[in-house]
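Listed here are the chains, written in short residue letters.
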Amino acid sequence: MDMDRIRQIIDWFADAGLASFELAEGDDRIRLERPEGSGPVAVAPGAGPVASPVVPAAPVAPADPSETRIDAPLYGVCYLAPSPDAPAFITVGQAVKAGDTLCLVEAMKVLNAITAPRDGTVTEIAAPDGVEVEQGQHLVTLR
């Protein structure tokens, strides 16, 4: 499949409001999935990754009610910094405001910013930099 065809499929998927879609054409295969409550999918115009609209992280109720657990809204590779030589978005003990970027999850060459759902202090960074994470996997804890 060429990039124009892939863009058409992603545009159609974004407009269709489907939760998932899979297409096989000969040896080519494409699968698109959207986490519940996520926004539109961004398309990479070239070979490199691009930033997408913010994917709101779904907070999960932890055992301690003063904490907010942030889980991955989709499958991908977790990055704790915007580039390999840049400082990390967050560190344990750092205060964050609602909307601050906590990490990125790359899926299909699209970088999805995972943001803080509320103001708080980072008490745990559960996902190491550069590792694959599953949808629903624990990423960060705020207090």
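This structure is a prediction, so every number in the text was calculated from the model and none was measured. Here the residue numbers are simple positions, counted from 1 along each chain's written sequence. Restriction of local features to residues with pLDDT of at least 70 applies here, the model being predicted, together with a cutoff of 80 or more for giving and counting side-chain atom pairs; totals for whole chains, interfaces and linings are based on all residues. Derived side-chain values reflect all non-hydrogen atoms in the structure, with water molecules and hydrogen atoms excluded from consideration.

Enquirer: Any chance you could break down the overall build of the protein for me, citing the residues and the numbers?
Expert: By the criteria applied, helices consist of DSSP H or I runs no shorter than four residues and strands consist of E runs no shorter than two, each listed in order from the N terminus. Looking only at helices and strands, one finds 1 helix and 13 strands in the protein. Secondary structure elements of the protein, listed N to C terminal, follow the sequence α-β-β-β-β-β-β-β-β-β-β-β-β-β. When a residue's accessible area, from a 1.4 Å probe over protein chains only, is under 20% of the maximum for its type it is buried; when over 50% it is exposed; and in between it is partly exposed. Here the protein holds 143 residues, and 34% of them are scored as buried. Considering only intrachain contacts with a sequence separation of at least 6, the fraction spanning at least 24 residues in the protein is 55%. Areas reported here follow the Shrake-Rupley algorithm with a probe of radius 1.4 Å; residue values treat only the protein chains shown as occluding. Within the structure as shown, the protein displays about 7900 Å² of accessible surface, and the carbon and sulfur contribution to it stands at 53%. Contacts are residue-level and defined by heavy atoms, with any inter-residue pair within 4.5 Å sufficient.

Enquirer: Just give me the short version of the pattern of salt bridges, but keep the residues and values in it.
Expert: By definition, a salt bridge exists where a carboxyl oxygen of Asp or Glu is found within 4 Å of a side-chain nitrogen of Lys or Arg. Enumeration over the complete set of coordinates arrives at 2 salt bridges. For Glu 67, the salt bridge identified is with Arg 143, shortest N-O distance 2.6 Å. Of the two residues, Glu 67 is situated in the loop between strand 5 (58–60) and strand 6 (68–71) and Arg 143 in the segment after strand 13 (138–142); the sequence distance between them amounts to 76 residues. Its relative accessible area of 18% is what places Glu 67 among the buried residues. Relative accessible area serves as the criterion here: at 44%, Arg 143 is assigned to the partly exposed category. Linking Arg 69 and Asp 71 is a salt bridge whose minimum nitrogen-to-oxygen distance equals 2.8 Å. Relative accessible area serves as the criterion here: at 28%, Arg 69 is assigned to the partly exposed category.

Enquirer: So what's going on with the nonpolar core? Residues and values would help.
Expert: Counting 19 residues, the largest nonpolar core has Cys 78, Val 96, Leu 102, Val 133, Leu 139 and Val 140 as its most contacted members. By residue number, the principal contributor to this core is strand 9 (residues 101–107), which donates 4 residues. Other than its neighbours up to four places away in sequence, Val 133 contacts Ala 72, Leu 74, Tyr 75, Gly 76, Cys 78, Val 105, Ala 127 and Leu 139. Listed in part, the 6 residues of the second largest apolar core include Ile 9, Ile 10, Leu 23 and Leu 32. What is meant by a nonpolar core is a set of buried Ala, Val, Leu, Ile, Met, Phe, Trp, Tyr and Cys residues, joined one to another through side-chain atoms within 4.5 Å.

Enquirer: Account for the environment of Thr 123, with residues named and values stated.
Expert: As for its position among the elements, Thr 123 is in strand 11 (residues 120–125). Judged by relative accessible area, which is 32%, Thr 123 ranks as partly exposed. Note: C-alpha distance between Thr 123 and Arg 143 (20 residues apart in sequence) is 6.4 Å. Those residues in contact with Thr 123 that lie beyond four places of it in its chain are Glu 67, Val 92, Thr 141, Leu 142 and Arg 143.

Enquirer: Can you lay out the side chain of Glu 106 for me, pointing to particular residues and giving the numbers?
Expert: Along the polypeptide, Glu 106 turns up in strand 9. Any pair of N or O atoms that falls within 3.5 Å is considered a polar contact. Within protein, one atom must be able to donate a hydrogen and the other to accept it, and sequence-neighbouring residues count only if both atoms are side-chain atoms. At 3.1 Å, the side chain of Glu 106 and the side chain of Tyr 79 are in polar contact.

Enquirer: Describe in detail the environment of Phe 89, supporting the description with residues and values.
Expert: Among the secondary structure elements, Phe 89 is positioned in the loop between strand 7 (76–79) and strand 8 (95–96). Linking Phe 89 and Leu 102, residues 13 residues apart in sequence, is a C-alpha distance of 5.7 Å. Apart from residues lying up to four places away in sequence, Phe 89 is in contact with Tyr 79, Leu 80, Ala 81, Pro 82, Gln 94, Thr 101, Leu 102, Cys 103 and Leu 104.

Enquirer: For the pairing of strand 13, give the residues involved together with the corresponding values.
Expert: Burial analysis of strand 13 places 5 of its 5 residues in the buried class, the great majority of the element. In this sheet, strand 13 lies alongside strand 6 in antiparallel orientation, the contact comprising 4 bridges. Paired with Ile 70 across the bridge in strand 13 is Val 140. Note on pairing: DSSP must find at least two bridges between two strands before they are called paired. In the sheet, strand 11 pairs with strand 13 via 3 bridges, with the strands oriented antiparallel. The residue of strand 13 that forms the bridge with Val 122 is Leu 142.

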